[in-house]
Amino acid sequence: MVREPGRGLPDRRPAALMRPGAVVLGGDYQGLGIVRSLGRQGVPVVVVDDERSVAAASRWTTRSVRVRSLRGDEDVLAALSGLSALSGLAGLSGLGGPDGWVVFPTRDENVAALSRHRSALRSAGWRIPAPQWDCVRVAWDKRETYRLARKLGVPSPRTWFPLDEDDLDEVDLSAPVIVKPAIKENFFYATRAKAWRADTRPALRRHFARAASIVPPGEILVQEMIPGDGQYSYCAFVRDGAVVADMTVRRTRQHPSDFGRASTFVQTVALPGLTAPSLVFLREIGYYGLVEVEYKRDPRDGEFKLLDVNARTWGYHTLGRAAGVDFPWLLFRDQLGEPVAPASGRAGVSWIRVATDLPNAALDIRARRMRPGDYLRTLRGIDTEAVFSWRDPLPGLYEVALLPYLAVKRGL
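Computed from a predicted model, the values in this text were never measured in an experiment. For every chain, the first residue of the written sequence is number 1, and numbering continues from 1 along that sequence. Local features in this predicted model are restricted to residues of pLDDT 70 or higher, and side-chain atom pairs are both shown and tallied only at a pLDDT of 80 or more, whereas totals for entire chains, interfaces and linings draw on every residue. The side-chain numbers reported here are obtained from all heavy atoms of the structure, hydrogens and water having been left aside.

Peer 1: What am I meant to see in the overall build of the protein here?
Peer 2: Only DSSP runs of H or I covering at least 4 residues are called helices, and only runs of E covering at least 2 are called strands; the numbering of each starts at the N terminus. Of the regular secondary structure elements, the protein holds 14 helices and 16 strands. All radius of gyration figures rest on C-alpha atoms, and the globule criterion is 2.2 Å times the number of residues raised to 0.38. In terms of overall dimensions, the protein is globule-like: its C-alpha atoms have a radius of gyration of 21 Å, near the 22 Å expected for 412 residues. Taken along the three principal axes of its C-alpha coordinates, the protein extends 70 × 50 × 40 Å. For every residue, the accessible area (1.4 Å probe, protein chains only) is compared with the maximum for its type, and the residue is labelled buried under 20%, exposed over 50%, or partly exposed between those bounds. Each of the 412 residues in the protein was classed as buried or not, and the buried ones make up 56%. Contacts are residue-level and defined by heavy atoms, with any inter-residue pair within 4.5 Å sufficient. At a minimum sequence separation of 6, the contacts of the protein that also span at least 24 residues come to 66%. As displayed, the protein has an accessible area near 17,700 Å², and 52% of this comes from carbon and sulfur atoms. Here Asp and Glu are counted as negative and Lys and Arg as positive; His is not counted, and neither are the chain ends. Lysine's charge is taken at NZ, arginine's at CZ, aspartate's at CG and glutamate's at CD. Side chains of the protein give 58 positive and 47 negative charges; the mean places of these two sets differ by 6 Å. Here, Shrake-Rupley sampling with a 1.4 Å probe gives the accessible areas, and only protein chains in the shown set may cover a residue.

Dropping the structure here:
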């Protein structure tokens, strides 16, 4: 097995005894978690990314490949096709294709690309854990998500689907609303925002007009803003309509604080009431694989309202391993037809990403949304950090060096 400088260790096992490897699309901290999960088990892992990323520095990354882009379907297909020509990687042949390697996407647009081309990729030899497109589309397009939730009786925020500015007159503005996209990627890369808040009708019209200049009006949603900070998620590996492994978490802090692009401090909690509505939704679409179902507790009626369904590994999935559920490893074994033991994450385990949590907390303290003492108390007894690990320290050092680069590239 090829070892690039500082990237992975040689595997001297006989080739016949080696499992197929894995390809991780995206090498940020989410992809790093997948690399560590599989690398600890002796699985060769190739990281493919379109930017400099921390996973490239991991001791468990066999090889890191930089590509021009991973945004569109053709970009993803070209990247996987290019991997087939790499020599020296066990199971990858320039003549025969990927030989059963498992592909792990870390971004929604990559999930969509793998799902839409699932049959062709599987015929070429790749193992694609993404479900069929008819299933993924319901999570990808929030119009479909909320319509199905309403049909199934799964609580969700009131949502309007305006096609033009005249339709905005139907929106109830007795409480604040948010303007957000039905398909996140079409909007996020242009604005670096998940949503905009509107408290008045002029603000609603202004945000709608701005959104309509970026995405088609039919892709714009207006949704009631649920007050409070009670954000929770049900995370699971689902197969054949049943839960193989799961954990429930409270997403205590996020970056940015209002409409977070990513969680920064998360804790596992005992909240079995989220299992049933999540399974009702996932069974209806025939879901397979890893999934995060996001909820927010509405203090007005006490109900947990469904906000989002992420058909992939989520940013803080490494919390699972600390709580007793190694999600990527379970999915990898299942893809290879190996037995997978049921598991459930224990409550009271915490995860943090210091690189975003600390500066975001500083902003909240400055704005008097948080007291310094309250923040410091949450840092006692942290179980796992998103990037830093004593067993694999280079990614943590590399992240510090990358922060200015990422701040400019991602418009932070």
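Peer 1: Explanation requested: the sheet that holds strand β5 (residues 159–160) in the structure shown.
Peer 2: Working definition: the strands of a sheet are paired by backbone hydrogen bonds and lie parallel or antiparallel to each other. What makes two strands pair is DSSP finding at least two bridges between them. If you walk across this open sheet you meet the four strands as β5-β8-β6-β7, and the pairing is antiparallel. For this open sheet the edge positions go to β5 and β7 (196–198), each flanked by a neighbour on one side alone. Across five bridges, the pairing between strand β6 (residues 177–181) and strand β8 (residues 220–224) is antiparallel. In the sheet register, Pro181 faces β8, and the bridge partner there is Ile220.

Peer 1: Help me understand the pairing of strand β10 (residues 242–255), please; the structure alone is not making it clear to me.
Peer 2: Both faces of the sheet carry side chains from a regular strand, because those side chains alternate between them. Pairing of strand β9 (residues 231–239) with β10, which is carried by eight bridges, proceeds in the antiparallel orientation. In the strand pairing of β10, Arg239 is matched with Ala242. Counted between consecutive antiparallel strands, the loop separating β9 from β10 contains two residues, among which Asp240 sits at a positive phi close to 55 degrees. Relative to strand β14 (residues 343–344), β10 runs parallel, the two being bridged by two bridges. Counted as the bridge partner of Ala245 is Ala343 from β14. Where β10 meets strand β11 (residues 262–268), six bridges bridge the pair, whose relative direction is antiparallel.

Peer 1: I tried to follow the packing of helix α6 (residues 142–152) against helix α9 (residues 275–284) on my own but got confused; where do I start?
Peer 2: Packed helices, taken two at a time, are described by the angle between their axes plus the distance between the axes. Interhelical geometry of α6 versus α9 gives an angle of 115 degrees and a closest axis separation of 10 Å. Relative to α9, the element α6 is oriented roughly perpendicular. Considering the relative orientation of α6 and α9, their crossing is right-handed. Mapping the contact onto sequence places Thr145, Leu148, Ala149, Lys151 and Leu152 in α6 and Val280, Phe281 and Glu284 in α9. Residue polarity follows a fixed list, in which Ala, Val, Leu, Ile, Met, Phe, Trp, Tyr, Cys and Pro are nonpolar, Asp, Glu, Lys and Arg are charged, and the others, Gly among them, are polar. Residue classes in the contact of α6 with α9 are distributed as five nonpolar, one polar and two charged. For helices, the fitted line uses only the C-alpha atoms of the stretch in contact; every axis is such a line through C-alpha atoms, and the angle between N-to-C directions lies from 0 to 180 degrees. What sets the label is the angle itself: under 35 degrees gives roughly parallel, over 145 gives roughly antiparallel, 65 to 115 gives roughly perpendicular, and the rest give oblique. Two helices that cross are described as forming a left-handed crossing if the nearer one is turned anticlockwise from the farther one by less than a right angle, and a right-handed crossing if clockwise.

Peer 1: Explain the pattern of salt bridges here, please?
Peer 2: Where side chains of opposite charge bring their charged atoms close, a pairing between them can arise. Criterion for a salt bridge: a side-chain nitrogen of Lys or Arg within 4 Å of a carboxyl oxygen of Asp or Glu. Overall, the coordinates contain 30 salt bridges when judged by the stated rule. Ionic pairing is found between Glu165 and Arg205, a salt bridge with its closest N-O pair at 3.4 Å. In this pair, Glu165 sits in the loop between β5 and β6 while Arg205 sits in helix α8 (residues 201–212), placing the two residues 40 residues apart along the sequence. Judged by relative accessible area, which is 26%, Arg205 ranks as partly exposed. The partner of Arg300 in a salt bridge is Asp298, with the nearest N and O atoms 2.7 Å apart. Look at Arg300 and you get partly exposed, because its relative accessible area is 47%. The exposure class assigned to Asp298 is buried, which follows from its relative accessible area of 1%. Taken together, the shared-partner salt bridges in this structure form one network comprising Arg158, Asp172, Glu224, Asp298, Arg300, Asp301 and Lys305.

Peer 1: Sorry if this is basic, but what is going on with the environment of Gly42 here?
Peer 2: For Gly42, the location among the structural elements is in the loop between α1 (29–39) and β2 (45–49). Each C-alpha atom of the pair Gly42 and Tyr234 lies 29 Å from the other, and the pair is 192 residues apart in sequence.

Peer 1: Teacher, can you tell me more about the environment of Glu292 here?
Peer 2: Tracing the backbone shows Glu292 in strand β12 (residues 289–297). Through-space distance from the C-alpha of Glu292 to that of Asp308 is 8.1 Å; in sequence the pair is 16 residues apart. Residues contacting Glu292, with those up to four places away along its chain left out, are Ser233, Tyr234, Cys235, Arg251, Asp308, Val309, Asn310, Arg312, Trp314 and Tyr316. Within the structure, the side chain of Glu292 is placed 3.2 Å from the side chain of Ser233, a separation counted as a polar contact. Polar side-chain contacts of Glu292 include one of 2.6 Å to the side chain of Asn310. Think of a polar contact as two N or O atoms within 3.5 Å of one another; within protein, one of them needs to be a possible hydrogen donor and the other a possible acceptor, and neighboring residues in sequence only count if both atoms come from side chains.

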